[in-house]
Amino acid sequence: NTPYTILNDEDEEIFAHKFPYVLEFNYKEQEFILINVHYKAYGDGILNLNNENDEEYKRLQASQLIHNYIVTNFDNKNVIILGDFNDLIIEESNLNNVFTPFVANQYMFSDYSIATGDVSNYSYPSWPSHIDHIILSNELFNNYSYITNTINVETYFLYGLADYYKYISDHRPIAINLNIP
């Protein structure tokens, strides 16, 4: 189907002025929902629930809005949420985790092993950090096997990451291979 953006104008700042982008498609006679996000960047790593301008608080709000949208519109569907979440999966304290709406509600980060693995595979190597993620609804991770990897794009450019940063992005892509029978 034709891709479209979701949510309301009052949510624009929460998503760094880049509304979530949805693509509904069928593959092998099964329906899938892909939601591409770009969360607010920066912050100090501390979630301040008393400050609506706090970057982490905006990311928590974004997670809640996306979760609520999925429950309202795509409950029991094969949903993939991916993009630049600008935050870590693993936090020193669960009190600072902006992904609690997903963690508490039957979603799985397919890139968890990247986030907990070797720094050389992080999606944002210049920091270094792993802030780009792929989240699967339980309908997907309960029914399909998958492999998620960082694509080390620097190996394809003459001058490595410098060329990639100059022409494409400062984030490496994260790819998933879902085994759909």
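Before reading on, note that the structure itself is shown above.
Residues numbered from 1 in each chain as written. Predicted model: local features only at pLDDT ≥ 70, side-chain atom pairs only at ≥ 80, totals over all residues. Heavy atoms only, no water.

Draft legend 1. Summary view of the overall build of the chain. Looking only at helices and strands, one finds five helices and eight strands in the chain. Traced from its N-terminal end to its C-terminal end, the chain shows the element sequence β-β-β-α-β-α-β-α-β-α-β-α-β. Expected size for 181 residues packed as a compact globule is a radius of gyration near 16 Å; at 16 Å, the chain falls within 12% of this value. Seen along its three principal axes, the alpha-carbon backbone of the chain occupies a region of about 45 × 45 × 30 Å. Taken over 181 residues, the chain has a buried fraction of 45%. Within the structure as shown, the chain displays about 10,000 Å² of accessible surface, and the carbon and sulfur contribution to it stands at 49%. Here the chain contributes 8 positive and 25 negative side-chain charges, whose respective centroids are spaced 6 Å apart. (Helix = DSSP H or I, 4+ residues; strand = E, 2+ residues; numbered from the N terminus. Rg over C-alpha atoms; globule rule 2.2 N^0.38 Å. Buried < 20%, exposed > 50% of the residue type's maximum accessible area, 1.4 Å probe, protein only. Areas by Shrake-Rupley, 256 points an atom, 1.4 Å probe, with all protein chains shown as cover. Lys, Arg positive; Asp, Glu negative; His and termini not counted. Charge placed at Lys NZ, Arg CZ, Asp CG, Glu CD.)

Draft legend 2. Fine view of the sheet that holds strand 6 (residues 132–137). The six strands lie next to each other as 1-2-3-4-6-5, forming an open sheet whose pairing is mixed. Looking at the sheet topology across the chains shown, the edges are occupied by strand 1 (4–5) and strand 5 (107–109). By the bridge criterion, five bridges tie strand 4 (residues 78–84) to strand 6 in an arrangement that is antiparallel. Pairing of aspartate 84 across the sheet is with aspartate 132, part of strand 6. (Pairing = 2+ DSSP bridges.)

Draft legend 3. Expanded view of the packing of aromatic side chains. Counted according to the given criterion, the structure contains eight aromatic pairs. Between tyrosine 69 and phenylalanine 74, the aromatic rings sit 5.9 Å apart at their centres with planes inclined by 65°, giving edge-to-face as the arrangement. Ring geometry for phenylalanine 102 and tyrosine 107: centres 5.2 Å apart, planes at 80°, overall edge-to-face. Comparing phenylalanine 102 with tyrosine 107, the two get one shared label, buried. Members of the aromatic cluster, joined through ring pairs, are Phe15, Tyr39, Phe85, Phe99 and Phe109. (Phe/Tyr/Trp six-rings, centres within 6.5 Å; stacked < 30°, edge-to-face > 60°.)

Draft legend 4. Region of the structure containing the nonpolar core. Residues Ile35, Tyr39, Ile66, Ile70, Ile81 and Phe102 are the most contacted members of the largest nonpolar core, which totals 27 residues. Listed by contribution, the elements that provide at least two residues to this core are strand 3 (30–38), helix 1 (55–73), strand 4 and strand 5. Once residues within four sequence positions are removed from consideration, isoleucine 81 is found in contact with Ile35, Val37, Ile66, Ile70, Phe102, Tyr107, His133, Ile134 and Ile135. In terms of nonpolar packing, the next biggest core, distinct from the first, is built from eleven residues, Leu136, Leu140, Tyr144 and Ile180 among them. (Core = buried A, V, L, I, M, F, W, Y, C linked by side-chain atoms within 4.5 Å. Contact = heavy atoms within 4.5 Å.)

As far as function goes, none of this settles anything; it's purely spatial.
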